[in-house]
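Structural overview
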Amino acid sequence: GPGRAPGVRFFDAHPTPDDLRAEVLAGLSSTPKRLPPKLFYDAHGSQLFDAITELPEYYLTRTEIAILCDHGEEMADLLGRGRVLLELGSGSSLKIRTLLAALEPEVYVPIDISREHLRASAEALAEHFPTLAIHATCADYSVPFELPTEGDREGLAAFFPGSSIGNFEPEAARALLTRVAALVGIGGRLLVGVDLQKDRTTLERAYDDDQGVTAAFSLNVLTRLNRELGADFDLEQFVHRSFYNEALGRVETHLEALCEQRVRVAGEPFVLAAGERIHVENSYKYDIAGFHQLAAGAGFVPERVWTDPRRLFSVHCLRV
Ligand code: AVI
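Description of the structure in this document. The model shown is predicted, which means the values in this text are computed figures rather than measured ones.

Conventions and cut-offs
Residues numbered from 1 in each chain as written. Predicted model: local features only at pLDDT ≥ 70, side-chain atom pairs only at ≥ 80, totals over all residues. Heavy atoms only, no water. Helix = DSSP H or I, 4+ residues; strand = E, 2+ residues; numbered from the N terminus. Polar contact = N/O pair within 3.5 Å; in protein donor to acceptor, adjacent residues only side chain to side chain. Axes fitted to C-alpha atoms, helices over the stretch in contact; angles between N-to-C directions. Parallel < 35°, antiparallel > 145°, perpendicular 65-115°, else oblique. Left-handed = near helix turned anticlockwise from the far one by under 90°. Contact = heavy atoms within 4.5 Å. Nonpolar A, V, L, I, M, F, W, Y, C, P; charged D, E, K, R; others polar. Buried < 20%, exposed > 50% of the residue type's maximum accessible area, 1.4 Å probe, protein only. Arc of directions from axis to C-beta. Expected span 1.5 Å × (residues − 1). Pairing = 2+ DSSP bridges. Near = heavy atom within 4 Å. Areas by Shrake-Rupley, 256 points an atom, 1.4 Å probe, with all protein chains shown as cover. Salt bridge = Lys/Arg side-chain N within 4 Å of Asp/Glu carboxyl O.

Brief notes about the environment of Asp-199
With respect to the helices, strands and loops of the structure, Asp-199 is situated in the loop between β7 (189-195) and α7 (200-206). For Asp-199, the side chain forms a polar contact with the side chain of Thr-202, separated by 2.8 Å.

Below you can see the structure in the form of structure tokens.
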């Protein structure tokens, strides 16, 4: 039907704009201080993240792409060809290119909260895959939303790469996977990239590179608060600190105040003691059994897992 016509159709699920001010003030008023990691991804932060994915220390992206390239046909055997294929947080839709030839989806539904970036990425993808039907959907996948694509709602395939699942607390990750299970329906499948637990040195280097790109990426959060909430953080007085919290299986990122400081954010005063930290991100790392347990709690059956020869990264196929 016309719904499967090649080219881009754009759907807007109208994600509610965040109440940034309220979230930031609540986070800075709590002990310890924290800020939501989604603050990273303004236009400049998204560019810095793209630069991170090419750093020698940040093994995640290139390792995942190698796994997708090596096992694409097998992945397509499990996910099914010619289906509706959703992608959560599709960003620039680069990774999916490694799978499109094998999966030949009937419709590709990239889902992203960043409206203009989604639109541009969908148009760029359409140039490379002129026969593909692309239903670009602007939505916030961290809350429930409606799928635009009419027709069969059972047995869909979903793709959630990049270990973005690791940026959610385990309980929130379980809730998110539960919603994905409902989206793909009975017999549906999820292909999800998950970074693996490993030695401390490799992990800590990945989150504190020699060129300081990751440090700039985290400090950009303060620049953003200065611009968008009229804050007056002095960027020279903060440093990026990342470390592996092995007991909790996560890399934590904090911004540490070098000296005592008084700042105003959206008109509210805050005091930071010398050495005090603002917690800005967790990146959870799972072993295979631990991720299977999380997936089972969301109603998924683990069907297959692929890793690279060095066992740095994993890609799971889960079935509802
Ligand atoms: C997007 N996300 C999976 C990245 C990660 O590895 O947690 C974000 C990132 N933070 C620092 N470097 C990259």
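That covers the picture; the talk isn't over yet.
Some remarks on the packing of helix α2 (residues 43-52) against helix α8 (residues 213-228)
Interhelical geometry of α2 versus α8 gives an angle of 160° and a closest axis separation of 9 Å. Relative to α8, the element α2 is oriented roughly antiparallel. α8 is crossed by α2, and the crossing has left-handed handedness. Where α2 abuts α8, its residues His-44, Gly-45, Leu-48, Phe-49, Ala-51 and Ile-52 lie against Val-213, Thr-214, Ala-216, Phe-217 and Asn-220. Looking at the contact of α2 with α8 residue by residue, the class counts come to seven nonpolar, four polar and no charged.

A few points about helix α1 (residues 20-29)
Within α1, the full set of buried residues consists of Leu-20, Val-24, Leu-25, Gly-27 and Leu-28. The arc that holds every buried residue of α1, seen down its axis, measures 165°, which confines them to one face.

Some words on helix α6 (residues 170-184)
If you check α6, its first and last C-alpha atoms are 21 Å apart, about what 15 residues at 1.5 Å a residue would give, namely 21 Å. The set of residues buried in α6 consists of Ala-173, Leu-176, Leu-177, Val-180, Ala-181, Leu-183 and Val-184. Within α6, the buried residues cover an arc of 155° as seen down the axis, which keeps them to one side. Exposed side of α6, more than 90 degrees from the buried face: Glu-171 and Ala-182 are the residues found there. Turning to α6, the residues buried within the fold contact β3 (84-88), β6 (157-160), β7 and α9 (288-297). Looking one or two places after α6, you find Gly-185, whose phi comes out positive at around 75°.

Remarks on the sheet that holds strand β2 (residues 33-34)
Ordered in space as β2-β12-β9-β8, the four strands form an open sheet in which the pairing is mixed. Since the sheet does not close on itself, it has two edges, and those belong to β2 and β8 (238-245), each with one partner. Note: strand β9 (residues 250-257) against strand β12 (residues 277-284), seven bridges, orientation antiparallel. Bridging from a neighbouring strand, Leu-255 pairs with Ile-278 of β12. Across the sheet, α8 lies against β8, β9 and β12, angled at about 120° from β8, the strand it touches most.

A look at the side chain of Glu-64
Residue placement: Glu-64 occurs in helix α3 (residues 59-79). Excluding anything up to four places from it in sequence, Glu-64 contacts Lys-95, Pro-161, Gly-162, Gly-193, Phe-313 and Val-315.

Observations regarding the site of the ligand
Neighbouring the ligand are 13 residues; Tyr-58, Asn-167, Tyr-207, Glu-281 and Ser-283 lie closest to it. Side-chain polar atom of Asn-167 to a nitrogen atom of the ligand: 2.8 Å apart, as the coordinates give it. Isolated, the ligand exposes 340 Å² of accessible area, and the fraction of that covered by the protein chains is 96%. The set of elements that each furnish at least two residues to the shell around the ligand consists of α2, α8 and β12. When the residues that make up the shell around the ligand are grouped by side-chain class, the tally is six nonpolar, six polar and one charged.

Comments concerning the environment of Ala-126
When you line up the elements, Ala-126 lands in helix α5 (residues 115-128). When the C-alpha positions of Ala-126 and Gly-7 are compared, they lie 5.9 Å apart, and in sequence the two are 119 residues distant. Apart from the residues lying within four places of it in its own chain, the contact partners of Ala-126 are Val-8 and Ile-134.

Re the pattern of salt bridges
Applying the stated criterion across every chain yields a total of 24 salt bridges. One salt bridge in this structure joins Arg-250 and Glu-169, with 3.8 Å as the shortest N-O distance. With Arg-250 in strand β9 and Glu-169 in the loop between β6 and α6, this residue pair connects regions lying 81 residues apart in the sequence. The shortest N-O distance in the salt bridge between Glu-228 and Arg-224 comes to 3.0 Å. Note that Glu-228 and Arg-224 are positioned in helix α8 at a spacing of four residues, about one turn of the helix. We classify Arg-224 as buried; its relative accessible area is 13%.

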